[in-house]
Amino acid sequence: AVKPPIYQNLHLGLFEIGKPLGKGKFGRVYLARHRDSGYICALKVLNKDEISREAAETHVRREIEVHSNLRHPGVLGFYGWFHDSRRIFLILEYAAGGELYRVLQREGRFSERRAAKYVAQVTLSLLYLHGKNIMHRDMKPENILLGLHGELKLADFGYSVHAPSNRRDTLCGTLDYLPPEMIQSREVSYTKAVDQWTLGVLTYEFLTGQPPFEDTVALTRRRIVNRDMKPLPSFISSEAKDFVNSSFFITQLSYQDGHARAGESRSQVPIPQAASEYSTSGPDRDD
Ligand SMILES: CC(=O)NC[C@@H]1CCN(c2c(Cl)cnc3[nH]c(-c4cn(C)nc4C)nc23)C1
């Protein structure tokens, strides 16, 4: 029997649900069209029971709180949210270009020109977030989507917080992108430098196809704390090497109020061996 309208989710009825686009942390994401306007969007459906089972209520609340206050071309659009007895629905921008990590998987690695274009875009998105005193804290290719014209869109603000923060929530998933201060056991407060570090990891991965400290969990932890980056291949230009190395020199102490004072940071951190192996710039593949 058809349920009386009172039990129909009034908001959900406003959308036509299309094909599943993929899985987020606590549910699926569907292509959707807003009936009245015809506007295409992505509907992220979160299951309340699953959220409670994972004690992730704060995670979801933070994602909605932070994401709903952001509006920038380099940040995936957040248009609203609603819920029914079982589910929470986030109405998000549909990124027609899909997930960046699939593109990186397919291409293996990006040319320096393409990597530089992406890093510049991520930098502008980060400057916007940091300008609003927000750290993303979970930047990785899986959380970056592509718009219709190949522009980058930061997504998934479940781990973002207002800086500085000494939040110690359990960061699940890979350690690859986390800076030393976030994986050392001492109680520390995080600053925006965490995103600066991750930008270096992203750059390295765009240029080589692998994250710089990837190893077994235990060895990754040690590599990160010792800033023991896997040496960049010889085909990488010395300028690109310098940019990546500079991201790992910036320590938490030297990155206050969004301005890295390179002088102090260089004195604090020994120049890693890899940095001295500048080689001539290799062939730069076209896009
Ligand atoms: C950051 C994050 O939440 N990632 C997991 C979710 C999977 C689909 N999500 C999308 C979200 Cl949240 C928004 N737009 C998307 N567009 C696509 C997509 C487009 N193509 C051609 N292929 C795909 C896939 N997916 C999305 C995000």
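Below, the structure is looked at part by part. No experiment lies behind these values; they were computed from the predicted model shown.

## Description of the side chain of Lys192
Reasoning step 1: By the element assignment, Lys192 lies in the loop between α5 (180-183) and α6 (193-208).
Reasoning step 2: Take Lys192: its relative accessible area is 13%, and that puts it in the buried class.
Reasoning step 3: A polar contact is formed between the side chain of Lys192 and the backbone oxygen of His130, at a distance of 3.1 Å.
Reasoning step 4: Polar side-chain contacts of Lys192 include one of 3.5 Å to the side chain of Asn133.

## Quick word on the nonpolar core
As a rule of thumb, nonpolar side chains are buried together in soluble globular proteins.
Reasoning step 1: Of all hydrophobic cores here, the largest spans 46 residues; its most connected members are Leu70, Leu100, Phe110, Val122, Leu129 and Phe206.
Reasoning step 2: The element best represented in this core is α6, accounting for eight residues.
Reasoning step 3: The contacts of Phe206, once residues within four sequence positions are left out, are Leu100, Leu104, Arg109, Phe110, Ala115, Tyr118 and Val119.
Reasoning step 4: Counting residues in each nonpolar core, the second largest holds 16 residues, with Ala56, Val60, Ile88 and Leu92 among its members.

## Comments concerning α6
Reasoning step 1: The terminal C-alpha atoms of α6 lie 23 Å apart, and with 16 residues this matches the ideal 22 Å at 1.5 Å per residue to within 8%.
Reasoning step 2: Extensive coverage of α6 is indicated by the burial of 16 of its 16 residues.
Reasoning step 3: The positive-phi residue at the C-terminal boundary of α6 is Gly209, with phi of around 90°.

## Focus: the site of the ligand
Reasoning step 1: If you check the shell around the ligand, you find 19 residues, and the closest are Leu21, Lys23, Glu93, Ala95 and Gly98.
Reasoning step 2: Ala95 places a polar main-chain atom, nitrogen or oxygen, 2.7 Å from a nitrogen atom of the ligand.
Reasoning step 3: Against a free-state accessible area of 570 Å², the protein chains account for coverage of 87% of the ligand.
Reasoning step 4: Breaking the shell around the ligand down by element, the ones donating at least two residues are β1 (15-23), β3 (40-47) and β6 (98-99).
Reasoning step 5: In terms of residue count, the dominant contributor to the shell around the ligand is β1 (three residues).
Reasoning step 6: Looking at the shell around the ligand residue by residue, the classes come out as 10 nonpolar, three polar and six charged.

## Quick notes on the environment of Leu219
Reasoning step 1: Locating Leu219 in the fold gives a position in helix α7 (residues 217-225).
Reasoning step 2: Overall, the relative accessible area of 35% leaves Leu219 in the partly exposed class.
Reasoning step 3: Sequence separation between Leu219 and Tyr94 is 125 residues; the distance between their C-alpha atoms is 38 Å.

## Notes on the packing of helix α4 (residues 112-131) against α6
Reasoning step 1: At a minimum axis distance of 10 Å, the contact between α4 and α6 shows a crossing angle of 160°. It follows from the interaxial angle that α4 and α6 lie roughly antiparallel. At the point where α4 passes α6, the crossing takes the right-handed sense. Judged by residue contacts, Glu112, Ala115, Tyr118, Val119, Val122, Thr123, Leu126 and His130 of α4 engage Asp195, Leu199, Leu202, Thr203, Phe206 and Leu207 from α6.
Reasoning step 2: In the contact of α4 with α6, the residues fall into nine nonpolar, three polar and two charged.

## Some thoughts on the pattern of salt bridges
Reasoning step 1: For the coordinates displayed, the defined rule picks out 10 salt bridges.
Reasoning step 2: Between Glu16 and Arg33 there is a salt bridge whose closest N-O contact spans 2.9 Å. Of the two residues, Glu16 is situated in strand β1 and Arg33 in strand β2 (residues 27-34); the sequence distance between them amounts to 17 residues.
Reasoning step 3: Its relative accessible area of 30% is what places Glu16 among the partly exposed residues.
Reasoning step 4: A salt bridge links Arg35 to Glu16, with the shortest nitrogen-to-oxygen separation between them at 3.2 Å. Pair noted here: Arg35 is in the loop between β2 and β3 and Glu16 is in strand β1, with a separation of 19 residues, a long-range link.
Reasoning step 5: When its relative accessible area of 45% is taken as the criterion, Arg35 is described as partly exposed.
Reasoning step 6: Through salt bridges that share partners, Glu16, Arg33 and Arg35 make up one connected network.

## Remarks on the environment of Val66
Reasoning step 1: By secondary structure assignment, the location of Val66 is in helix α2 (residues 57-67).
Reasoning step 2: Counting along the chain gives 57 residues from Val66 to Thr123, while the straight-line C-alpha distance between them is 19 Å.
Reasoning step 3: Excluding its chain neighbours within four sequence positions, the residues that come into contact with Val66 are Ile134, Phe157, Ser160 and His162.

About the thresholds
Residues numbered from 1 in each chain as written. Predicted model: local features only at pLDDT ≥ 70, side-chain atom pairs only at ≥ 80, totals over all residues. Heavy atoms only, no water. Helix = DSSP H or I, 4+ residues; strand = E, 2+ residues; numbered from the N terminus. Buried < 20%, exposed > 50% of the residue type's maximum accessible area, 1.4 Å probe, protein only. Polar contact = N/O pair within 3.5 Å; in protein donor to acceptor, adjacent residues only side chain to side chain. Core = buried A, V, L, I, M, F, W, Y, C linked by side-chain atoms within 4.5 Å. Contact = heavy atoms within 4.5 Å. Expected span 1.5 Å × (residues − 1). Near = heavy atom within 4 Å. Areas by Shrake-Rupley, 256 points an atom, 1.4 Å probe, with all protein chains shown as cover. Nonpolar A, V, L, I, M, F, W, Y, C, P; charged D, E, K, R; others polar. Axes fitted to C-alpha atoms, helices over the stretch in contact; angles between N-to-C directions. Parallel < 35°, antiparallel > 145°, perpendicular 65-115°, else oblique. Left-handed = near helix turned anticlockwise from the far one by under 90°. Salt bridge = Lys/Arg side-chain N within 4 Å of Asp/Glu carboxyl O.

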